[in-house]
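Chain residues, written in single-letter form:
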Amino acid sequence: RKEVEQDPGPFNVPEGATVAFNCTYSNSASQSFFWYRQDCRKEPKLLMSVYSSGNEDGRFTAQLNRASQYISLLIRDSKLSDSATYLCVVNKRDTGRRALTFGSGTRLQVQP
Amino acid sequence: GAVVSQHPSWVICKSGTSVKIECRSLDFQATTMFWYRQFPKQSLMLMATSNEGSKATYEQGVEKDKFLINHASLTLSTLTVTSAHPEDSSFYICSGASQGLTGTDTQYFGPGTRLTVL
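Residues numbered from 1 in each chain as written. Chains lettered and ligands numbered in written order. Predicted model: local features only at pLDDT ≥ 70, side-chain atom pairs only at ≥ 80, totals over all residues. Heavy atoms only, no water.

Visitor: Is there a simple way to explain the sheet that holds strand 7 (residues 60-65) of chain A in this structure?
Guide: Within a sheet, adjacent strands bond to each other through the backbone by hydrogen bonds, running parallel or antiparallel. All names here are of chain A. Sheet architecture is open: five strands sit in the order 1-3-8-7-6, paired in antiparallel fashion. Both edges of this open sheet fall to strand 1 (4-6) and strand 6 (55-57), since each of them pairs with a single strand only. Strand-to-strand twist across the sheet, computed as the mean angle between neighbouring axes with direction ignored, equals 20°. (Pairing = 2+ DSSP bridges. Helix = DSSP H or I, 4+ residues; strand = E, 2+ residues; numbered from the N terminus. Axes fitted to C-alpha atoms, helices over the stretch in contact; angles between N-to-C directions.)

Here is the structure:
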């Protein structure tokens, strides 16, 4: 079983739609959680951290459920520029090392 | 946000040659740098973690004699792919780690280096 699992998509949605991505992680020792965005042939860029209380940044809302080991990302009012691959990322402190484990990503295509 | 650069951004080389990739943190000191590899349509896979002034820690399955990592200063880490072969063709990305105010680690990614081995 992969450490971080995501639905690969693609999710094809019209502009203005609301779309939700889910992610599960297998290691209960995971301590930090993030959503990254990666455009084609580019490096990943941090979209937002995810906190247990849930957090919102503009049109983006992230939720964490530690009991279910589940992370979600909600995008409201989708824009064409939101088209990208969204990576669920988990940070696990292991013997002092800070290692990020990436999901394989969910591809979003927003259509006009 | 903090900036990390990588050089070169892309490289094409012949099989059997060695390629060096540089990763620099431009406006912060990265005590830890990470090297990742990403094959097409796959997720980033951590190759190794390097701390300034000490030997890198390699992930399982990554050959340390093939992927030489040097982290000589707080702003520079290098990855050398020795005797490269076509199966080493990939997107190599580095990141530098910065301890945030809350103690949460933040990694800043370089733009990546696309390696093609003929």
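Visitor: Would you take a moment to explain the interface of chain A and chain B for this structure?
Guide: One frequent convention defines the size of an interface as the accessible area lost when the parts assemble. With 18 residues of chain A at the interface, the matching set in chain B holds 23 residues. Summed over the shared surface of chain A and chain B, the number is zero salt bridges. At the boundary of chain A and chain B, one finds one residue pair in polar contact (both at pLDDT 80 or more). Mapped onto the side of chain A that touches chain B, the elements with two or more residues apiece are strand 4 (32-38), strand 9 (84-94) and strand 10 (97-102) of chain A. Top element by residues in the side of chain A that touches chain B is strand 10 of chain A. It accounts for five residues. Among the residues making up the side of chain A that touches chain B, the classes are represented as seven nonpolar, five polar and six charged. (Contact = heavy atoms within 4.5 Å. Salt bridge = Lys/Arg side-chain N within 4 Å of Asp/Glu carboxyl O. Polar contact = N/O pair within 3.5 Å; in protein donor to acceptor, adjacent residues only side chain to side chain. Nonpolar A, V, L, I, M, F, W, Y, C, P; charged D, E, K, R; others polar.)

Visitor: How do you make sense of the environment of Asn91(A) when you look at a structure like this?
Guide: Residue and element names in this part refer to chain A. Turning to its location among the elements, Asn-91 is positioned in strand 9. Take Asn-91: its relative accessible area is 3%, and that puts it in the buried class. As for Asn-91 and Ser-26, which are separated by 65 residues in sequence, their C-alpha atoms are 12 Å apart. (Buried < 20%, exposed > 50% of the residue type's maximum accessible area, 1.4 Å probe, protein only.)

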